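Structural description and commentary
Each chain is listed here by its residues.
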Amino acid sequence: MMFHQQTSTIFIFFFFTLLLLIHLPQFTTPTPPPPPDYPCKPPHHSHHPFCNPTLPISTRTTSLISLLTLSEKINQLSNNASSIPHLGIPSYQWWSESLHGIATNGPGVNFNGSVKFATDFPQVIVSASSFNRSLWFLIGSAVGVEGRAMYNVGQAGLSFWAPNVNVFRDPRWGRGQETPGEDPMVVSAYAVEFVRGIQGGDGIKNVLNDDHDQDGLLVSQQDLEDTYQPPFRGCVQQGKASCLMCSYNAVNGVPACASEDLLALVRNKWGFEGYITSDCDAVATVYEYQHYAKSPEDAVADVLKAGVDINCGTYMLRHTESAVQQGMVKEDDLDRALFNLFSVQMRLGLFNGDPKKGKFGKLGPKDVCTLEHKKLALEAARQGIVLLKNDNKFLPLDRNSGINLAIIGPMVTTTKLGGGYSGIPCSPKSLYEGLKEYAKIISYAFGCRDVQCDSEDGFALAIDIAKEADFVVIVAGISTIQETEDLDRVSLLLPGKQMDLVTRVASASKRPVILVLTGGGPLDVSFAETNQLIASILWVGYPGEAGGKALAEIIFGEFNPAGRLPMTWYPESFTNVPMNDMGMRADPSRGYPGRSYRFYTGSRIYGFGHGLSYSDFSYKLLSAPNKLSLSRITEGGLRKRLLNNIEKEVYEVDHVRVDELQNCNSLSFVVHISVMNHGDFDGNHVVMLFSKWPKVIRGSPETQLVGFSRLHTISNKSIETSILVDPCEHLSFADEQGKRILPLGHHILNVGDVEHTVSIEIF
């Protein structure tokens, strides 16, 4: 099995983060700067047993650990692991970033050598809007190739901390832009595809971390099971992640990095094999901020015993020796951590000799910012942009009519369109530059000096050019000034006076205007949705280096939009909900509306899955079962007990526990769907199949996405697709004890306005 020898980390929102060990291809570069140093160099350091690739990794790792002094062991417990000169082992930097392209965050990456740029793909939330598994895989693959190429010239590490697979649970969260949205199944699917792509195959396992700025979070077993944990479980079991990062916050009173329950879950129940790292300075937080531990040594002991292997930061470097001397930490605890760390490095091929002689040793600068990768960045932006409103089919515009176009807004000329965790793009274009290629005449005005828009000084010029233009594009929204890893929003409205700018320009324009929204989080733009002078609204998010061209192609009809929102857009009133309330389910008794499309009971600006096209579509359900019987997958005792209770009318049997069913996946069935494109445009279309429960059972979601499929459709023709349904996974949910239950009775499947009932019965 061949891997892109590299590690990728998965950011996990609230209790740990999956670092997906993305094995990037083992490539070599023949040109300066020289490739990184490596262990097991002949002739002096190649004779050790740990350098023998024919031996089992466990044998090699154990042999290596046996040769280390206590001091040398401790010096490996940081993201910047020290060299071991007498064994010929160079230092190793675990921390590089590649969320949506090779990023400047983290000490492992630099752009000061022969590689000056890297392909900047759309921010994750935009790529997720494509609902395209193949695209996610290809982005991961391209990022893996570029990361490995940069490693080969000494400009990146082999362990990349990406992707972030936290569930986007609050619209104000500054890191929501980094996630694949609010649906656990979609988040898991994205993570699995990205990791497989960046690893170049099924490769080794890796996990990542995500932090959050809350000191203590209370999370029910119910929400853990059916919302927060599924993406991580998918990454470990299907994506084969190799690293997990515990976050800063405490969960139910215990810091994530000190929680044996959480960290043992992934190893003992999910089969995780890899290393666990703390988020950066999260070990220090256990003592210095959360005061969970009584001393620095206690903090080190707590996290090591919980299962942490490495500290992003220096706290373990500074306090582990003292913890050992005081008897709080045993050397066996260190050996266990080092076994996990060196095992991953062995799997990465770091102890197999000269990386230039590996299968992928020839990757280098020529493999970064390739034409293929830049085209992929454009395709990702095309597929992720969402058309939110298009009154009277105002869009697309006719490129051939010699349009005089005005583009207005404080972000129209910026080329920084990647959002957080970006690198240095290959060929960035602003939105203005993209539209300029399609208009006969184009003019622009900022309207506001900056995104905060705290002054009307530029309004007059913006209104003047709007009056002269045939069509007006207004670019509004938010940027990384309002939302970042360490900055959450307090409002969902457009910043400052942006709303006034949009309204006044729309009133001055000859025709209704086109509103383009930037930013990774939801916005309350209800004023624009109801304003007839604003004909069309497009959300571009953070579209990456090719976002300007992608937007122009959509506005002028060269690409038919098909993006769908992967998160709910809430009204401004949602800001009254406490941000640190982790509950997903609504609680009317305290006025709590719930979170995400699955449980939220309030009004919406736009719902999960919303997205328009230049075509209209209809569906026909071609085939699906009407009835499923559980009799053949319930063992005799359970079946007898259920039937006996029904006969005696002891209570109404309305569900069964999934863990009591045998061979549950044998219930799986396929829903065959026909999709008709009634429009004049060919284009992609995302089919989304949802389910509703037979009746209200305490804690059941309002609705739930079962599956999705992105298709290419032809004008005035139909195409067929199929979606696999696993009832024990897709039609179940967690009860209050965190156990998955499968309701009995009539489940309603719906795609668009077409519904189909599947009855699940005991016999």
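From a predicted model like this one, the values you see are computed outputs, not experimental measurements.

**Things to note about the overall build of the protein chain**
- Counting its regular elements, the protein chain contains 21 helices and 28 strands.
- The principal-axis extent of the C-alpha atoms belonging to the protein chain is close to 80 × 80 × 50 Å.
- Out of the 763 residues belonging to the protein chain, those deemed buried represent 64%.
- In the protein chain, the proportion of contacts linking residues at least 24 apart, taken out of those at least 6 apart, comes to 79%.
- Total accessible area computed for the protein chain in this model is approximately 27500 Å², and 50% of it derives from carbon and sulfur atoms.
- Counting 65 positive and 80 negative side-chain charges, the protein chain places the averaged centre of each group 5 Å from the other.

**Some points on the domain arrangement of the protein chain**
- Parsing the protein chain into structural domains produces domain 1 (49–367), domain 2 (384–590) and domain 3 (617–762).
- Measuring from the centre of the C-alpha atoms in domain 1 to the corresponding centre in domain 2 gives 35 Å.
- Listed as interface residues are 47 residues of domain 1 and, on the opposing side, 47 residues of domain 2.
- At the boundary of domain 1 with domain 2, total buried surface from both sides reaches about 4000 Å², with 55% on carbon and sulfur atoms.
- When residues of domain 1 are sorted by the area they lose upon contact with domain 2, Asp120, Pro171 and Arg172 head the list and together hold 20% of the total.
- Between Glu485 and Arg175 there is a salt bridge, with its nearest N and O atoms 3.3 Å apart.
- The tally of links between domain 1 and domain 2 comes to 27 residue pairs in polar contact (both at pLDDT 80 or more).
- Put simply, the parts of the chain that give the side of domain 1 that touches domain 2 at least two residues each are α3 (124–128) and α6 (221–228).
- Broken down by element, the residue count for the side of domain 1 that touches domain 2 peaks at 5 residues, all from α6.

**Quick word on the sheet that holds strand β21 (residues 669–677)**
- Pairing is antiparallel across the open sheet formed by 3 strands, whose spatial order is β18-β21-β24. Sheet topology places β18 (617–623) and β24 (718–725) at the edges, where each strand pairs with a single neighbour. Averaged over all pairs of adjacent strands, the angle between strand axes in this sheet comes to 30°, irrespective of strand direction.
- Pairing analysis gives 6 bridges linking β18 to β21, with the strands arranged antiparallel.

**Observations concerning the packing of helix α10 (residues 296–306) against helix α11 (residues 315–325)**
- At a minimum axis distance of 8 Å, the contact between α10 and α11 shows a crossing angle of 95°. Accordingly, the angle class assigned to the pair α10 and α11 is roughly perpendicular. Within the contact between the two elements, α10 uses Pro296, Glu297, Ala299, Val300, Val303 and Leu304 and α11 uses Tyr315, Met316, His319, Thr320, Ser322 and Ala323.

**Looking at the state of the cysteines**
- Within the structure shown, the criterion is met by 6 disulfides.
- Two residues, Cys40 and Cys51, share a disulfide whose sulfurs are 2.0 Å apart. Across the S-S bond linking Cys40 and Cys51, the dihedral sits near -85°, which makes this disulfide left-handed. One end of the pair, Cys40, is in the loop between β2 (16–19) and α1 (57–66); the other, Cys51, is in the loop between β2 and α1, with 11 residues separating them in the sequence.
- On the basis of relative accessibility, which here comes to 9%, the residue Cys51 falls in the buried class.
- Between Cys246 and Cys257 runs a disulfide, and the two sulfur atoms are separated by 2.1 Å. Between Cys246 and Cys257, the disulfide has an S-S torsion of 100° and is therefore right-handed. In this pair, Cys246 sits in strand β8 (residues 243–246) while Cys257 sits in the loop between β10 (254–255) and α8 (260–269), placing the two residues 11 residues apart along the sequence.
- Given the relative accessible area of 1%, Cys257 is considered buried.
- Taken in sequence order, the bonded cysteines of the protein chain link in the pattern 1-2, 3-4, 5-6, 7-8, 9-10, 11-12.

**Description of α10**
- Summarising burial for α10: 8 of the 11 residues are buried, a large majority.
- Those residues of α10 lying buried are Pro296, Glu297, Ala299, Val300, Ala301, Val303, Leu304 and Ala306.

**Some points on the side chain of Arg172**
- Mapped onto the fold, Arg172 is located in the loop between β6 (159–161) and α5 (184–199).
- A distance of 3.1 Å separates a polar atom in the side chain of Arg172 from the backbone oxygen of Thr575.
- If we ignore the near neighbours within four places in the chain, the residues touching Arg172 are Asp488, Arg489, Leu492, Phe574, Thr575, Val577, Pro578 and Met579.

**Focus on the pairing of strand β15 (residues 471–477)**
- Of all 7 residues making up β15, 7 are buried, and the element is well covered by its neighbours.
- Both faces of β15 are covered, namely the face carrying Phe471, Val473, Val475 and Gly477 and the face carrying Val472, Ile474 and Ala476.
- Where strand β13 (residues 404–408) lies against β15, 4 bridges are found, and the strand directions are parallel. Bridge assignment links Ala406 to a residue of β15, and that residue is Val472.
- As for the winding sense of the linkage, the β-α-β connection from β15 through helix α16 (residues 498–508) to strand β16 (residues 513–518) is right-handed.

**Some details on the pattern of salt bridges**
- Enumeration over the complete set of coordinates arrives at 29 salt bridges.
- Salt bridges here are not isolated pairs; linked through shared partners, they connect Glu379, Arg382, Lys549 and Glu553.

**Overview of the nonpolar core**
- Ranked by internal contacts, the top residues of the largest apolar core, which has 67 residues, are Phe50, Leu64, Trp94, Tyr275 and Phe351.
- No other element matches the 7 residues that helix α12 (residues 331–347) contributes to this core.
- Sequence-distant contacts of Phe351, that is, excluding residues within four places in its chain, are made with Pro39, Cys40, Phe50, Cys51, Arg60, Leu64, Ile89, Phe342, Gln345 and Met346.

Rules of the game
- For every chain, the first residue of the written sequence is number 1, and numbering continues from 1 onward in sequence order.
- Reporting of local features is limited, given that this is a predicted model, to residues whose pLDDT is at least 70; pairs of side-chain atoms are given and counted only at 80 or more, and all residues count toward the totals for whole chains, interfaces and linings.
- Water and hydrogen atoms play no part in the side-chain values, which are based on all heavy atoms of the structure.
- Helical segments are the DSSP runs of H or I of at least four residues, strand segments are the runs of E of at least two, and each set is numbered from the N terminus.
- We call a residue buried when its accessible area falls under 20% of the maximum for its residue type, exposed when it is over 50%, and partly exposed in between, using a 1.4 Å probe and counting protein chains only.
- By the convention used here, residues are in contact when the closest approach between their heavy atoms is within 4.5 Å.
- Throughout, the Shrake-Rupley method with a 1.4 Å probe supplies accessible areas, and for residues the shown protein chains are the sole cover considered.
- Here the positive residues are Lys and Arg and the negative ones are Asp and Glu; neither His nor the chain ends is included.
- Positions of charges follow a simple convention, taking NZ of Lys, CZ of Arg, CG of Asp or CD of Glu.
- Note that the domain bounds reflect an automated or database-derived domain assignment.
- Once two parts are brought into contact, the accessible area they lose, counted with a 1.4 Å probe and summed over both, makes up the buried area.
- For this document, the term salt bridge refers to a Lys or Arg side-chain nitrogen within 4 Å of an Asp or Glu carboxyl oxygen.
- Under the rule applied, a polar contact is a pair of N or O atoms within 3.5 Å (in protein, one hydrogen donor and one hydrogen acceptor; residues adjacent in sequence only if both atoms are side-chain atoms).
- Paired strands, as defined in this entry, are two strands with at least two bridges between them according to DSSP.
- Throughout, an axis means a line fitted to C-alpha atoms (over the contacting stretch in the case of helices), and angles, computed between N-to-C directions, take values from 0 to 180 degrees.
- An angle below 35 degrees is treated as roughly parallel, one above 145 as roughly antiparallel, one from 65 to 115 as roughly perpendicular, and anything else as oblique.
- Throughout, a disulfide means two cysteine sulfur atoms within 2.5 Å of one another.
- Throughout, right-handed denotes a crossover for which the path from the first strand over the helix to the second runs clockwise when the strands point away from the viewer.
- Side-chain atoms within 4.5 Å are what join buried Ala, Val, Leu, Ile, Met, Phe, Trp, Tyr and Cys residues into a set we call a nonpolar core.

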